[in-house]
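# Descriptive analysis of the structure
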Amino acid sequence: MNITNSVNVSVETTCENQIQEITYDGTEIYQPPPTLSETLTRCAARIDFSKTSLDDLKKEDKAIEDDSKDATQFQPSLWPWDSVRNKLNDALTEICVLSDVISIAKDKRYLVLDPVPEEQDDVKPIVQVYSRKKALGQAAQVLLSGAERLRNSHSEQRNRNVTDFHIELLRLRQNWRLKKVSNAIIGDLSYRTAGSKFGMSGTFEVTKAEELADDDSASGSSTGVGNNGLPTQSPKTTSSLRVIVPAELQGVAYIKVITQKDQEDLCTANVNLMGHGPNITQQAGVWQKTLEFAQNVLFCKELFSQLAREAIQLQAPIPHVVIGNQIRATLLPGIQLIISLCHSTTFDSSQPGPINDHDHVLEHSLHQLLREVHHKNSHHPFPHPTSGPLGPSKKRMLAGPKAADRQSLLEMTKSQTILEQIIAQAQHIFMRKRTQYVLDTLARDVKDPQIVSHWNAMNSPTMSCVKINIVTHGYDTINRTSLVIHVKERSLKCICRDGRVMHLSYEPQELRDLILCQINSHQISCLLNLARCMAWTVLSNSNNLGIGKVEPLGNASSCLLASPNSDRMIAVQIRCDPQIDVKVYIARSPRPDFIPSPLVPEKFWENLGGHFKEVRFDKIEGKSFLNKMEFLMAALTSNSI
């Protein structure tokens, strides 16, 4: 340590005493320093005599004895009973001390142990009353001054209904992008920060509102009707801001989507930004509605411009037509999709807005697709490795190391535009509606069997799934026919229970024919199972009957049943013509009209059975086809026993 460079540091306590009170005018009242007697009294009061126990004293004695033992541990004991004598001496000493303590505690004349009380300041009651009165008076003065300020602010707002310019500007800045250019305040309504590349300018100017006109300033309130039926005065809302919007963004705009079939409107929908999201016009100001309408016009123009550009660039089998503010595209033969941009510079609040016929699904799709285009414009995939070109996706970067073929590369480059996806969704919607109409019509017309359709709730925008169950009431445990139909954009995919897959076109008649053929097959399968349950024998069955006249739809199905005693036979034929046509024939054995002849003299030839006779099936009791067949087989069985 270098003594020559050392510096003496003096540490002293502050001379200031503890602050006892601070008055309302800021004067500090210090507590006087304690005297020597008060200091001694406080120090004595801090001593806790209960903590000094005999254990501590014994520990100290034991430590002293250990030190003495260490010094004399090499000296031999002079007398064998020396340790016993020392312990008896210590016990006697402790007993004597205990006797002395008991005597002192019992007789008060020797010693009295009392705690030292702290001196309390003498406070007069009149001083407390005065101090409380003064404090309450000052608190009341603060409350009265605050109430006066609130009363003045309310009176000013009642007299002058124009809010402060800077407060309005702060509210405007919370919802819209603003920037200051020299002495002007410019805002932006476009979606450029989100990735939009639309060329139309969306800037607006914010200025301070001029003095109100004489009629506006004179009439500061408008007349209304209160709850009691009397006219009341309600303040007129005015703003200190004025928003200047470009002329091309003024007015009301919306996109109208119409689907026509032979000059008949099948579906109409209007898409815009108005009427959705939280309504902040009341909280923000009267300028909020103006900016919302202007941004809606900009959104509709950008969306229509994107759709028109894609309609011109696409090479469809039937070319799309763009004329003025209208786009025409062909969905299916005879069905057209018309997208129109409607922009009106005059808006009458008394007329119903275009939002009345709003299609939320179409609006969500258009918004989502446009936001996806914005996202692709602003978010480019990073090159892998970093020295690679900017632009290709990660899949195309890995196409070389993975040795991708030409077909895979072409699939990577394919992408659907907004118009293509909207057309695909519209085609799927029509295919789904057609499928629903066909199934509902068949379920209404065909009472036996019952057709139950289960539509999947989780579908994609271009594919839906429906499961069809064909059952007979009361005989659903015997057999049921199930098939699944995938509704796509321009086709249907039917998957039967036996694994057969059939692809149908967009024509609804094909689906109707398929369901009728499935009904035909279902009736035959149920009849065979019912015959086995009633101990009848299935002689033969065929789903493709090759005799008789040519059916206009599908093939005829037939089966041949024999009674338990083989003396009765039933032949059933079911045709789809174009409704379900059922014919039932019966034959009995032995033949009652058998006459022996020289060629057939034996008697057993009569067991071959006679001619089949047609049964008037519609006259048989029963609610369904299987119910009637059950009654018929039961009657024939009872007669043969």
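The structure under discussion appears in the preceding block.
First, a word on what this report is: a plain description of the structure on this page. (Residues numbered from 1 in each chain as written. Predicted model: local features only at pLDDT ≥ 70, side-chain atom pairs only at ≥ 80, totals over all residues. Heavy atoms only, no water.)

### Here's the deal with the overall build of the protein chain
Along the protein chain, the regular secondary structure elements total 14 helices and 23 strands. Counting the 641 residues in the protein chain, one finds 28% classified as buried. Counting every atom, the protein chain has about 44,300 Å² of accessible surface; 55% of that belongs to carbon and sulfur. (Helix = DSSP H or I, 4+ residues; strand = E, 2+ residues; numbered from the N terminus. Buried < 20%, exposed > 50% of the residue type's maximum accessible area, 1.4 Å probe, protein only. Areas by Shrake-Rupley, 256 points an atom, 1.4 Å probe, with all protein chains shown as cover.)

### With respect to the packing of helix α5 (residues 165-175) against helix α8 (residues 287-313)
Two numbers describe how α5 lies on α8: the axes approach to 11 Å, and their chain directions differ by 30°. By the angle between their axes, α5 is roughly parallel relative to α8. Our pair here, α5 against α8, has a crossing hand that is right-handed. Across the interface between the two elements, Glu168, Arg171, Leu172 and Asn175 from α5 touch Trp287, Gln288 and Leu291 from α8. (Axes fitted to C-alpha atoms, helices over the stretch in contact; angles between N-to-C directions. Parallel < 35°, antiparallel > 145°, perpendicular 65-115°, else oblique. Left-handed = near helix turned anticlockwise from the far one by under 90°. Contact = heavy atoms within 4.5 Å.)

### Quick notes on the state of the cysteines
This model, assessed by the stated rule, comprises zero disulfides. With no disulfide of its own, Cys494 has Cys496 as its nearest cysteine by sulfur position, at a separation of 7.0 Å. (Disulfide = S-S within 2.5 Å.)

### Some details on the sheet that holds strand β5 (residues 203-208)
Sheet architecture is open: four strands sit in the order β3-β4-β5-β8, paired in antiparallel fashion. Because the sheet does not close on itself, it has two edges, and the strands there are β3 (177-181) and β8 (241-244). Direction aside, neighbouring strands of the sheet carry axes that sit 30° apart on average. Looking at chain direction, β3 and strand β4 (residues 184-188) are connected through five bridges and run antiparallel. Note on β4: the bridge partner recorded for Lys180 is Ile185. (Pairing = 2+ DSSP bridges.)

### Some remarks on the pairing of strand β13 (residues 335-344)
Where strand β9 (residues 252-261) meets β13, ten bridges bridge the pair, whose relative direction is antiparallel. Bridging from a neighbouring strand, Tyr254 pairs with Cys342 of β13. Across six bridges, strand β12 (residues 326-332) lies against β13 in antiparallel orientation. Considered in β13, the bridge of Gln326 is made with Ser340. Following β12, the chain reverses through two residues before pairing antiparallel with β13; Gly334 in that reversal takes a positive phi of roughly 90°.

### Describing the packing of aromatic side chains
Overall, the coordinates contain two aromatic pairs when judged by the stated rule. Between the aromatic rings of Tyr191 and Phe299, the centroid separation amounts to 6.5 Å while the plane-to-plane angle is 70°, which identifies the pairing as edge-to-face. A residue pair is termed long-range when its members are at least 10 positions apart, and Tyr191 in the loop between β4 and β5 and Phe299 in helix α8 qualify at 108 residues. Here the two residues Tyr191 and Phe299 agree in accessibility, since each one is buried. (Phe/Tyr/Trp six-rings, centres within 6.5 Å; stacked < 30°, edge-to-face > 60°.)

### Quick look at the sheet that holds strand β14 (residues 450-455)
Remark on secondary structure: sheet strands pair via backbone hydrogen bonds, oriented parallel or antiparallel. In spatial order, the strands read β14-β15-β16-β17-β18; together these five strands make up an open sheet with antiparallel pairing. Each edge of the sheet is formed by a strand with only one pairing partner; in this case those strands are β14 and β18 (501-504). Shown here is a sheet whose adjacent strand axes are inclined to one another by a mean of 20°, direction ignored. With seven bridges joining them, strand β15 (residues 464-471) and strand β16 (residues 481-487) adopt antiparallel strand pairing. Residue Ile470 lies in a different strand from β16, and its bridge partner there is Thr481. Across the sheet, helix α12 (residues 418-445) is in contact with β14, β15, β16 and β17 (492-496); its angle to β14 comes to roughly 155°.

### Looking at unusual backbone geometry
Residues other than glycine predominantly adopt negative phi, and peptide bonds predominantly adopt the trans conformation. In this structure, Pro449 follows Asp448 across a cis peptide bond, with omega equal to 0°. Tracing the backbone shows Pro449 in the loop between α12 and β14. Not every positive phi belongs to a glycine, and Ser182 is a case in point at roughly 55°. Within the element layout of this structure, Ser182 appears in the loop between β3 and β4.

### Topic: the nonpolar core
It is characteristic of soluble globular proteins that their nonpolar side chains tend to be buried jointly. The biggest cluster of nonpolar side chains holds 67 residues, and the ones touching the most others in it are Leu172, Leu189, Leu291, Ile468, Ile485 and Ile515. In terms of residue count, the dominant contributor to this core is α8 (twelve residues). When neighbours within four sequence positions are excluded, Leu291 is seen to be in contact with Leu172, Trp176, Leu189, Phe204, Val243 and Val245. (Core = buried A, V, L, I, M, F, W, Y, C linked by side-chain atoms within 4.5 Å.)

### Re α8
For α8, built from 27 residues, the straight-helix expectation of 39 Å at 1.5 Å per residue is met to within 8% by its first-to-last C-alpha distance of 40 Å. When you tally the buried positions in α8, you get 20 out of 27 residues, the bulk of the element. (Expected span 1.5 Å × (residues − 1).)

### Regarding α5
Buried within α5 are the following residues: Phe165, Glu168, Leu169 and Leu172. On an axial view of α5, the arc spanned by its buried residues comes to 100°, and they lie on one face. Projecting away from the buried face of α5 at angles above 90 degrees are the exposed residues His166, Leu170 and Gln174. (Arc of directions from axis to C-beta.)

### A closer look at the pairing of β15
Two faces, one strand: in a regular strand the side chains alternate between the faces of the sheet. Most of β15 is tucked away: six of the eight residues are buried. As paired elements, β14 and β15 share six bridges and run antiparallel to each other. Directly across from His454, in β15, lies its bridge partner Lys467.

### Re the side chain of Ser190
Within the secondary structure layout, Ser190 lies in the loop between β4 and β5. Each residue touching Ser190, except ones within four places of it in the same chain, is listed here: Arg177, Gly202 and Leu298.

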